[in-house]
Amino acid sequence: VVSAGRQAITQAARRKAVEVRGDFLWKPGQALTYVRIPNPSDPLTRREIEEIAPEEIDLAIARLIEASGGLSDDQLVSHVARVFGFERTGGRIHAVVSERLRHVRATRPSQPTG
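Residues numbered from 1 in each chain as written. Predicted model: local features only at pLDDT ≥ 70, side-chain atom pairs only at ≥ 80, totals over all residues. Heavy atoms only, no water.

A.B. asks: How should I be thinking about unusual backbone geometry in this particular structure?
C.D. replies: Both trends apply: most residues other than glycine have a negative phi, and most peptide bonds are in trans. Backbone geometry places Lys16, a non-glycine residue, at a positive phi of 65 degrees. With respect to the helices and strands, the residue Lys16 is situated in the loop between helix H1 (2-14) and strand E1 (19-21). For Lys16, a relative accessible area of 66% gives the class exposed. (Helix = DSSP H or I, 4+ residues; strand = E, 2+ residues; numbered from the N terminus. Buried < 20%, exposed > 50% of the residue type's maximum accessible area, 1.4 Å probe, protein only.)

In structure tokens:
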């Protein structure tokens, strides 16, 4: 089943029906305009950190920087985790969000650092 799924994705990507970006599938040319926030009363909207596309984490970081400006990097990591419904920022979540924060800082040098 996994092999058939991978083959279908490869064929769809060759036909340009989808774009493969890391571990995620996107519509061709798709750009994010909003961050999906889980509904606390609907457990089906909750995702693990590995199920959230890096681009979506980057967008949450950028929006929080724009909205708050003066947060430290640790505060930003914590706030981003909360946006995605994580009550605690454990090692795995902290590592992923911190890596994306470094990426955002590197690609948007005009952003203030904390």
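Alright, that's what it looks like, and here's the rest.
A.B. asks: Could you clarify how one ought to interpret the pattern of salt bridges in this entry?
C.D. replies: A side chain of one charge can pair with a side chain of the opposite charge if their charged atoms are brought near each other. The final tally for this structure, using the stated rule, is eight salt bridges. Of the charged contacts, one joins Glu56 and Arg47 as a salt bridge, the two residues approaching to 2.9 Å between their closest N and O atoms. (Salt bridge = Lys/Arg side-chain N within 4 Å of Asp/Glu carboxyl O.)

A.B. asks: How should I be thinking about the packing of helix H3 (residues 73-83) against helix H4 (residues 91-107) in this particular structure?
C.D. replies: Packed helices, taken two at a time, are described by the angle their axes make and the gap between the axes. For the pair H3 and H4, interaxial distance at closest approach is 10 Å and the crossing angle is 115 degrees. With respect to the hand of their crossing, H3 and H4 are arranged in right-handed fashion. Here Asp73, Asp74, Leu76, Val77, Val80 and Ala81 of H3 come into contact with H4, specifically with Ile93, His94, Val97, Ser98, Leu101 and Arg105. For the contact of H3 with H4, the residue count by class is seven nonpolar, two polar and three charged. (Axes fitted to C-alpha atoms, helices over the stretch in contact; angles between N-to-C directions. Left-handed = near helix turned anticlockwise from the far one by under 90°. Contact = heavy atoms within 4.5 Å. Nonpolar A, V, L, I, M, F, W, Y, C, P; charged D, E, K, R; others polar.)

A.B. asks: Where do I start with the side chain of Arg47 in this structure?
C.D. replies: Relative to the helices and strands, Arg47 resides in the loop between strand E2 (24-26) and helix H2 (54-68). You can call Arg47 buried: its relative accessible area is 12%. Within polar-contact distance, the side chain of Arg47 engages the backbone oxygen of Arg36 at 3.1 Å. If we ignore the near neighbours within four places in the chain, the residues touching Arg47 are Arg36, Ile52, Glu56, Phe84 and Phe86. (Polar contact = N/O pair within 3.5 Å; in protein donor to acceptor, adjacent residues only side chain to side chain.)

A.B. asks: Can you help me understand the packing of H2 against H4 in this one?
C.D. replies: Running from N to C, H2 and H4 point in directions that differ by 65 degrees, and their axes come no closer than 9 Å. On the basis of their axis angle, the class for H2 and H4 is roughly perpendicular. As H2 runs across H4, the sense of the crossing is right-handed. Note on element contacts: H4 touches H2 through Val96, Val97, Arg100, Leu101, His103, Val104 and Arg105, opposite Pro54, Ile57, Asp58, Ile61 and Ile65. By residue class, the composition of the contact of H2 with H4 is eight nonpolar, one polar and three charged. (Parallel < 35°, antiparallel > 145°, perpendicular 65-115°, else oblique.)

A.B. asks: What exactly am I supposed to notice about the packing of aromatic side chains here?
C.D. replies: Given two aromatic rings, their pairing is described by the distance between the two centres and the angle made by the two planes. For the structure on display, the rule yields zero aromatic pairs. For Arg21, the ring lying beneath its charged end belongs to Trp26, and the centroid distance is 4.4 Å. (Phe/Tyr/Trp six-rings, centres within 6.5 Å; stacked < 30°, edge-to-face > 60°. Lys NZ or Arg CZ within 6 Å of the ring centre and 35° of its normal.)

A.B. asks: When you look at H3 in this model, what are you seeing that I'm missing?
C.D. replies: Quick reminder: α-helices carry 3.6 residues per turn. Residues three or four places apart thus point the same way. For H3, the set of buried residues is Leu76, Val77, Val80 and Ala81. Taken down its axis, H3 places every buried residue within 135 degrees of arc, on the same side. Those residues of H3 that are buried lie in contact with H2 and H4. (Arc of directions from axis to C-beta.)

That is the geometry; function is a separate question.
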